[in-house]
Amino acid sequence: MRIKNLKPLYVYKPDKVLKSGEYETSWYFKGIEWLNPQQDLDELDRNSAGDVDYEIIKLRTDKVLNINKGDGISFEELTIDEESKKVTNGKPSYLVENKPTIGKTTLYTLITNNGE
């Protein structure tokens, strides 16, 4: 991984609250991580119809990061309330779907955030 290819990723934590029978998600800023986003697709990235989802992004690192399954990732900084760290406009573009660790390497799989 080359240092010049690293991009800032803004990490957000979801907070789901049940209101009137439906869950409402608020996002809170966790921090910034510098990683190299990649789009290396394989047979496992196909959906049930056999189509490849080209919006899947993968992040690999050998560092221990504060990114968990279900967290939101955005490549642009969202507006947050400085005191509470709550996102005041919008939502993260991607969700962390999976984060398997093989040896020292962790692979974060990001999918497009369509509804939360």
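Cut-offs used in this document
Residues numbered from 1 in each chain as written. Predicted model: local features only at pLDDT ≥ 70, side-chain atom pairs only at ≥ 80, totals over all residues. Heavy atoms only, no water. Patch = residues over 30% accessible without salt bridge, like charges linked within 9 Å, V, L, I, M, F, W, Y side chains within 5 Å. Areas by Shrake-Rupley, 256 points an atom, 1.4 Å probe, with all protein chains shown as cover. Salt bridge = Lys/Arg side-chain N within 4 Å of Asp/Glu carboxyl O. Lys, Arg positive; Asp, Glu negative; His and termini not counted. Charge placed at Lys NZ, Arg CZ, Asp CG, Glu CD. Helix = DSSP H or I, 4+ residues; strand = E, 2+ residues; numbered from the N terminus. Buried < 20%, exposed > 50% of the residue type's maximum accessible area, 1.4 Å probe, protein only. Core = buried A, V, L, I, M, F, W, Y, C linked by side-chain atoms within 4.5 Å. Contact = heavy atoms within 4.5 Å. pLDDT = per-residue confidence, 0-100. Phe/Tyr/Trp six-rings, centres within 6.5 Å; stacked < 30°, edge-to-face > 60°. Pairing = 2+ DSSP bridges.

J.: Which residues make up a negative patch on the surface, and what values do they have?
T.: Together, Glu77, Asp81, Glu82 and Glu83 give the surface a local cluster of negative charge. Position of Glu82 relative to the elements: it lies in the loop between β5 (72-74) and β6 (94-98). Taking the relative accessible area as the measure of exposure, Glu82 reaches 59% and is therefore exposed.

J.: Give a detailed account of the nonpolar core, specifying residues and quantitative values.
T.: Residues Leu9, Val11, Leu35, Ile57, Leu59, Leu65, Ile67, Ile73, Tyr94, Val96, Tyr108 and Leu110 constitute the largest nonpolar core, which totals 12 residues. At the level of secondary structure, the elements contributing two or more residues to this core comprise β1 (7-19), β4 (57-61), β6 and β8 (105-112). Once you skip the residues sitting within four places of it in the chain, Leu59 turns out to touch Leu9, Leu35, Asn36, Pro37, Thr106, Leu107, Tyr108 and Leu110. The next biggest cluster of nonpolar side chains, apart from the first, holds seven residues, and it includes Tyr10, Tyr12, Ile80 and Leu95.

J.: Could you give an account of the confidence of the model for the chain, with specific residues and numbers?
T.: Residues of the chain with pLDDT of at least 70 account for 84%, and the chain-wide mean is 86. Taken element by element, the predicted model of the chain shows its lowest mean pLDDT in strand β3 (residues 37-38) (82) and its highest in β5 (96).

J.: Help me get a handle on the packing of aromatic side chains, residues and values and all.
T.: Following the criterion strictly, the structure yields two aromatic pairs and no others. Judged by centre distance (5.7 Å) and plane angle (75°), the rings of Phe75 and Tyr94 are edge-to-face. In this pair, Phe75 is assigned in the loop between β5 and β6 and Tyr94 in strand β6, connecting sequence segments 19 residues apart.

J.: Tell me about the pattern of salt bridges, and please be specific about residues and values.
T.: Scanning the model with the defined rule gives two salt bridges in all. Linking Glu24 and Lys19 is a salt bridge whose minimum nitrogen-to-oxygen distance equals 3.5 Å. Using a relative accessible area of 44% as the deciding quantity, one classes Lys19 as partly exposed. Where Asp71 meets Lys30, a salt bridge forms, and the shortest distance between an N and an O atom there is 2.6 Å. Separated by 41 residues along the polypeptide, Asp71 in the loop between β4 and β5 and Lys30 in strand β2 (residues 22-35) bring together distant segments of the chain. With relative accessibility at 4%, the residue Asp71 sits in the buried group.

J.: Could you give an account of the pairing of β1, with specific residues and numbers?
T.: Summarising the sheet, β1 and β2 pair through 13 bridges and their orientation is antiparallel. Residue pairing in the sheet places Leu18 in a bridge with Tyr23 of β2. Two successive antiparallel strands, β1 and β2, enclose a turn made up of two residues, where Ser20 displays a positive phi of approximately 55°. With three bridges joining them, β1 and β5 adopt antiparallel strand pairing. The residue of β5 that forms the bridge with Tyr12 is Gly72.

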